[in-house]
Amino acid sequence: MSLDWNSHRTQLVATALAASAVTAGLFSAYQQHARRQKRRTLDQEILRSLSAPNKGKGTTREDDDDPHEVQLGGTDQQRGLPLEYDEELVREQLARNYAFFGDEAMAKIRKGTVVVVGCGGVGSWAAVMLVRSGISKIRLVDFDQVTLSSLNRHATATLADVGTPKVKCIERVLKQFSRVVEVDARIDIWRKESGGDHLEGADWVIDAIDNITTKVDLLKYCHENNIKVFSSMGSGAKCDPTRVQISDISYTMYDPLARAVRRRLRLEGISSGVPVVYSTEVPGDVKLLPLPEEEFQKGNVKELGVFDDFRVRILPVLGPLPAIFGLNIATYVLCELAGKPIQNPLPVKGRKKFNERLYRDLHKREEKFLGRQINKLPVDDDDVGLIFDDLYRGRSARPPYAVPEKPALVRWDPAAPLSLQNCVAFEFADAEKHLKECLQEKRSPEEVWGAEVVEVVKRRQEEARRVVEWVM
């Protein structure tokens, strides 16, 4: 069909279409120009707030010489917030989060109030990612100051922050990337006698304290007052990020801090219901960093602590691990606030049945060796998982150290009791051979398996000894 351009009707239609296209183009160009102008104005406001000491950081006392001191409160103009930073820009900044959670869930997140108790390597990373993800009300509680040694793991600290309160350091940075966040920074230590004020109005509390007594007091207080709390276990002396996982406190394993906290909570009548992040990694040759000899010569080293019950010696810390712990916490809390909780973390769920099968198999083998019924072995499900996964790396102790098709554990030395040190991983047929020839017929393991296997077992026994010292 050909168009008759001499037709009056065709000319009218073409004119209308051209006018519509021009109008749409002008409207689109105006919107783009307005958006660019708004961004340009925002950039100028941010640059001015960063260059001027009283903009973007709250109102500062004129006689205050501390460049890190931030005073909360005041109007948007007093705090240096550009009036142009409206809801449209907030939603653009959080666009990826809105795309993931949706409007309704993001509204819940933005209304949420989170309290972070302990603002070191773990707490600082949790705080940063919570605010980056939309949390607009956050309270930071920590008495400590930034030190040079903090810089290998702290999320916001710089050289200029050394000697300043950790909570103020975090507050300053949070306000640099969020123009709507309300930060309540409290330079204080959480105490059970007066700690309720610090938790007032909290939808979630993050426990990033590294002192056992204070940690247990906080968890107990939250449990008794129906305050949702997430707790961080030990990130020190760890290096394997694949072992970091989230679970209930009752499912934790191999973590000395988790073990101590779990036991103390049970004495308080709390056996479960506290979500935690922890690592199943069993550290190798790591110890508390030693104090100089001259410190011992001065007297009681406990007097060196800032507060009673706080440690004066520290564990080695690989910087990325506290960050990973903090990011796990932030993710969990965000999903809970959004109404989309994380269900049944896979690592705990996936290995439990396997460990139970290993335990039952070992239990039967012990009954055959002893010739009588046994109610309970001196090792449990978690221990057999430790032996197979960590000590023997999921492989048989017999060359070529293959991954067993049907893994089995068996007592190594018939003269010694069954324990972490006296249990070895084999293929099922090899475990049965060891039971018959070494345990029942009393032949020496070296005679049955050779010197190479004996040497491997000795190395694993030494590792098990260190594990016992670390975990138990």
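Residues numbered from 1 in each chain as written. Predicted model: local features only at pLDDT ≥ 70, side-chain atom pairs only at ≥ 80, totals over all residues. Heavy atoms only, no water.

A.B. asks: Lay out the pattern of salt bridges with the relevant residues and their values.
C.D. replies: Applying the stated criterion to the full structure yields 26 salt bridges. Residues arginine 172 and aspartate 161 are paired through a salt bridge, measuring 2.6 Å at the closest nitrogen-oxygen approach. Residue arginine 172 is located in helix H6 (residues 166-177), and its partner aspartate 161 is located in the loop between strand S2 (137-141) and H6; the two are separated by eleven residues in the primary sequence. Of the charged contacts, one joins arginine 466 and glutamate 462 as a salt bridge, the two residues approaching to 3.7 Å between their closest N and O atoms. Taken together, the residues span about one helical turn, with arginine 466 and glutamate 462 both in helix H15 (residues 451-471) at a distance of four residues. Classification of arginine 466 as partly exposed rests on a relative accessible area of 26%. The exposure class assigned to glutamate 462 is partly exposed, which follows from its relative accessible area of 32%. (Salt bridge = Lys/Arg side-chain N within 4 Å of Asp/Glu carboxyl O. Helix = DSSP H or I, 4+ residues; strand = E, 2+ residues; numbered from the N terminus. Buried < 20%, exposed > 50% of the residue type's maximum accessible area, 1.4 Å probe, protein only.)

A.B. asks: For the packing of aromatic side chains, give the residues involved together with the corresponding values.
C.D. replies: Going through the model one piece at a time under the given rule, you end up with six aromatic pairs. Ring centres of phenylalanine 100 and phenylalanine 101 lie 4.9 Å apart, and the angle between their planes is 85°; on these two criteria the pair is classed as edge-to-face. The class of phenylalanine 100 is exposed, set by a relative accessible area of 60%. Seen in terms of ring centroids, tryptophan 190 and tyrosine 221 are 5.9 Å apart; in terms of plane orientation they differ by 75°. Their pairing is edge-to-face. (Phe/Tyr/Trp six-rings, centres within 6.5 Å; stacked < 30°, edge-to-face > 60°.)

A.B. asks: Account for the pairing of strand S1 (residues 113-117), naming residues and giving values.
C.D. replies: The element S1 is extensively covered by neighbouring structure, given that five of its five residues are classed as buried. Burial of S1 is two-sided: the residues Thr113, Val115 and Val117 facing one way and the residues Val114 and Val116 facing the other way are all buried. Note: S1 against S2, five bridges, orientation parallel. Each residue of the ladder has a partner; that of threonine 113, found in S2, is lysine 137. In this fold, the crossover linking S1 to S2 by way of helix H5 (residues 121-132) has right-handed handedness. Note: S1 against strand S4 (residues 204-207), four bridges, orientation parallel. Counterpart to valine 115 in the pairing with S4 is valine 205. (Pairing = 2+ DSSP bridges. Right-handed = clockwise from strand over helix to strand, strands pointing away.)

A.B. asks: Just give me the short version of the sheet that holds S2, but keep the residues and values in it.
C.D. replies: Reading across the sheet, the seven strands line up as S3-S2-S1-S4-S5-S7-S6 and stay open at both edges, with mixed pairing between neighbours. The sheet is open, and its two edges are formed by strand S3 (182-186) and strand S6 (244-248), each paired on a single side. For this sheet, the mean inter-axis angle between neighbouring strands, taken without regard to orientation, is 15°. (Axes fitted to C-alpha atoms, helices over the stretch in contact; angles between N-to-C directions.)

A.B. asks: Residues and numbers for the packing of H5 against H6, please.
C.D. replies: For the pair H5 and H6, the least separation of the axes is 10 Å and the interaxial angle reads 20°. The pairing of H5 with H6 is recorded here as roughly parallel in orientation. As H5 runs across H6, the sense of the crossing is right-handed. Across from Ser124, Ala127, Val128, Val131 and Arg132 in H5, the residues of H6 making contact are Ile170, Leu174 and Phe177. Along the lines of polarity and charge, the residues of the contact of H5 with H6 split into six nonpolar, one polar and one charged. (Parallel < 35°, antiparallel > 145°, perpendicular 65-115°, else oblique. Left-handed = near helix turned anticlockwise from the far one by under 90°. Contact = heavy atoms within 4.5 Å. Nonpolar A, V, L, I, M, F, W, Y, C, P; charged D, E, K, R; others polar.)

A.B. asks: Tell me about the side chain of aspartate 142, residues and numbers included.
C.D. replies: As for its placement among the helices and strands, aspartate 142 is situated in the loop between S2 and H6. Buried charge aspartate 142 goes without a salt bridge, the closest partner of opposite sign being lysine 166 at 5.0 Å. Reaching out from aspartate 142, the side chain makes a polar contact with the backbone nitrogen of cysteine 119 at a distance of 2.7 Å. Within the local environment of aspartate 142, its side chain forms a polar contact with the backbone nitrogen of aspartate 144, the two atoms lying 2.7 Å apart. Excluding residues within four positions of it along the chain, aspartate 142 makes contact with Gly118, Cys119, Gly120, Lys166, Val167, Arg186, Ile187 and Asp188. (Lys, Arg positive; Asp, Glu negative; His and termini not counted. Polar contact = N/O pair within 3.5 Å; in protein donor to acceptor, adjacent residues only side chain to side chain.)

A.B. asks: Can you explain unusual backbone geometry? Please cite residues and give values.
C.D. replies: Here the amide bond leading from proline 399 into proline 400 is cis, since omega sits at 10°, within 30 degrees of zero. Along the chain, proline 400 falls in the loop between helix H12 (381-391) and strand S8 (407-411). Here alanine 237, not a glycine, exhibits a phi torsion of approximately 60°, which is positive. For alanine 237, the location among the structural elements is in the loop between strand S5 (229-232) and S6.

A.B. asks: Hey, could you go over helix H8 (residues 256-267) for me, with residue numbers and the actual values?
C.D. replies: Here H8 spans 17 Å end to end across twelve residues, near enough to the 16 Å set by a 1.5 Å rise per residue. Of all the positions in H8, only Leu257, Ala258, Arg259, Val261, Arg262 and Leu265 are classed as buried. For H8, the capping residue at the N-terminal end is aspartate 255, with a side-chain oxygen 2.9 Å from the backbone nitrogen of leucine 257. Glycine 269, located one to two residues past H8, shows a positive phi value of around 85°. (Expected span 1.5 Å × (residues − 1).)

A.B. asks: Please set out the environment of serine 231 residue by residue, giving values where relevant.
C.D. replies: For serine 231, the location among the structural elements is in strand S5. Aside from chain neighbours lying at most four places away, what touches serine 231 is Asp207, Lys215, Leu219, Val274, Pro275, Val276 and Val277. Side-chain polar atoms of serine 231 contact the side chain of aspartate 207, separated by 2.5 Å.

A.B. asks: I'd love a proper account of the nonpolar core, names of residues and values included.
C.D. replies: One finds Leu199, Val205 and Leu409 to be the most contacted residues of the largest nonpolar core, which totals 62 residues. Dropping the residues within four chain positions of it, leucine 409 is found in contact with Leu358, Asp361, Leu362, Arg365, Val384, Ile387, Phe388, Cys423, Val424 and Ala425. Counting 46 residues, the second-largest nonpolar core is a separate cluster that includes Phe101, Ala127, Leu130 and Phe230. (Core = buried A, V, L, I, M, F, W, Y, C linked by side-chain atoms within 4.5 Å.)

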